[in-house]
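Survey of secondary and tertiary structure
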Amino acid sequence: MDTKEIIAEEQKYILSTYKRPSFVLERGEGMYLFDLEGNKYLDFVGGLAVNALGYGDKEVLAALNSQAEKLIHCSNLFHSIPGVKLAKLLIENSFAEKVFFCNSGTEAIEGALKFARKWASKNHGEGKQEIIAFENSFHGRSYGALSATGQPKYQRGFEPLLPGFRHVKYNDLSAVKAVISPKVCAVLVEPVQGEGGIFPAKPEFLAGLRQLCDQNQALLIFDEIQCGLGRTGNLFAYQTYGVVPDLLTLAKPLAGGLPMGAILLNNKVAEAIQPGDHGATFGGNPLVCQVALTVLNKLIRDQIPQKVQKMSSSLLSKLEQFPQKYSIVEEVRGLGLMIALQLTVPSAPCIEACAKRGLLVCKAGDQVLRLLPPLIVQEEHIDQAVAILGEVFDKQLDSN
Ligand SMILES: *Cc1c(COP(=O)(O)O)cnc(C)c1O
């Protein structure tokens, strides 16, 4: 089947919940993707922050193949080895004292919200159920995660949402102070807002949230599904900020492209949870855990977060000249390898023009162009991406 036929059949058979460009991806290699017609794309989407190690990583493939031959799944009714090793490695490298495994970011958020309410009901009785989340946040699309999400565009038409959520302005501590009370069981925050347009938290904001949570005996939950596992220049974003949460959600890059989520938690919260309280049939099966173990080992052993810091300053320093050079680029912002170009025009035509020139980028809001390259990105890729972006913005200038 050729590109046209595949796209026609897709429109016929797959529920249309995504807008996609008019090429069909077939394989990947390192930092590059290839379509059916043999066109090569430098990938600065990275599977939406999933493919931290790029495509075709030899160690990931070896782990996948050897574990698949041994045991893919045996259910959480039984003990198995890879999950234990992965949990241990996560704990040895973070604040956490216990780990829960699930299958996606949404599920990790769902579990974290449930754990927070369970902890509150066990330790503080009834009535401590409120959750504070932030405007412009994104936490997923199930009812709990969607209720936590602070963007009406994702919620419209799906009401009623779950009760007990309040949304306040991000990076505004006084807005939190105005609504926090002993009725609040948790504050849920992305250290860097991702889908909302790449907005890093101010350090004093996260530090202030920690303090307010402590004063009100509420739990602090960091959603590091997009910004965790190396992307901000440390293994975890909480380390970049030096503020320790009680719970932390992970997903996107965790298992090298296999669906997986995790909740990291301290013992204070873990003690409220008992066998039977929560579960997931596929959660933490031997296959995904063995692959995640390989990804995590590699991130640590190869000091990938440190490399992210270098590549980030290189990319940011080159992009920071853009607002002076191109009138449609209003601002460049980001942290680590989560970078946004705030445009004065819709980003969709620029994204399309980039793809035509062999560079994949994505959006995060209508006028934001978002860069989430695999963490293995090197100087040559940065130069190539910056050159293509420059050409595209030049062209957009002409057409305006
Ligand atoms: C992607 C994302 C989610 C949802 O994860 P899924 O795996 O799509 O369910 C939640 N929070 C943040 C910050 C995300 O970026």
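Residues numbered from 1 in each chain as written. Predicted model: local features only at pLDDT ≥ 70, side-chain atom pairs only at ≥ 80, totals over all residues. Heavy atoms only, no water.

A closer look at the domain arrangement of the protein
Segmenting the protein into domains produces domain 1 (3-56 + 304-399) and domain 2 (71-301). Taking only C-alpha atoms into account, the centre of domain 1 sits 27 Å from that of domain 2. If you look at the interface, domain 1 gives 27 residues, while domain 2 gives 26 residues. Taken over both partners, the interface formed by domain 1 and domain 2 buries close to 2100 Å², and the fraction arising from carbon and sulfur atoms is 66%. The three residues of domain 1 that bury the most area against domain 2 are Pro 305, Leu 335 and Met 338, which together make up 29% of that side's buried surface. Across the domain 1-domain 2 interface, the total number found is one salt bridge. Between Glu 195 and Arg 370 there is a salt bridge; the shortest N-O distance is 2.8 Å. The interface formed by domain 1 and domain 2 contains eight residue pairs in polar contact (both at pLDDT 80 or more). Those elements that provide at least two residues to the side of domain 1 that touches domain 2 are α2 (46-49), α13 (304-319), β13 (329-335), β14 (338-343) and β17 (368-371). Per-element tally for the side of domain 1 that touches domain 2: the top contributor is α13, with five residues. When grouped by side-chain class, the residues that make up the side of domain 1 that touches domain 2 number 19 nonpolar, six polar and two charged. (Domains from an automatic or database assignment. Contact = heavy atoms within 4.5 Å. Buried area = accessible area lost by both parts, 1.4 Å probe. Salt bridge = Lys/Arg side-chain N within 4 Å of Asp/Glu carboxyl O. Polar contact = N/O pair within 3.5 Å; in protein donor to acceptor, adjacent residues only side chain to side chain. Helix = DSSP H or I, 4+ residues; strand = E, 2+ residues; numbered from the N terminus. Nonpolar A, V, L, I, M, F, W, Y, C, P; charged D, E, K, R; others polar.)

With respect to the sheet that holds strand β15 (residues 359-360)
The strands making up a sheet associate through hydrogen bonds between their backbones, and the pairing can be parallel or antiparallel. Overall, mixed pairing links the four strands, which are arranged β1-β2-β3-β15 in an open sheet. Two strands bound the open sheet, and with one partner strand each, they are β1 (25-29) and β15. Where β1 and strand β2 (residues 32-35) come together, four bridges link them in antiparallel fashion. Considered in β2, the bridge of Gly 28 is made with Leu 33. (Pairing = 2+ DSSP bridges.)

Remarks on the site of the ligand
Residues in contact with the ligand, as listed here, are Ser 104, Gly 105, Thr 106, Phe 138, His 139, Gly 140, Glu 190, Asp 223, Ile 225, Gln 226 and Lys 252. Here a nitrogen atom of the ligand sits 2.7 Å away from a polar atom, N or O, in the side chain of Asp 223. Residue Lys 252 places a side-chain N or O atom 2.5 Å away from an oxygen atom belonging to the ligand. Taking 380 Å² as the accessible area of the ligand by itself, protein coverage stands at 82%. By residue class, the composition of the shell around the ligand is two nonpolar, six polar and three charged. (Near = heavy atom within 4 Å. Areas by Shrake-Rupley, 256 points an atom, 1.4 Å probe, with all protein chains shown as cover.)

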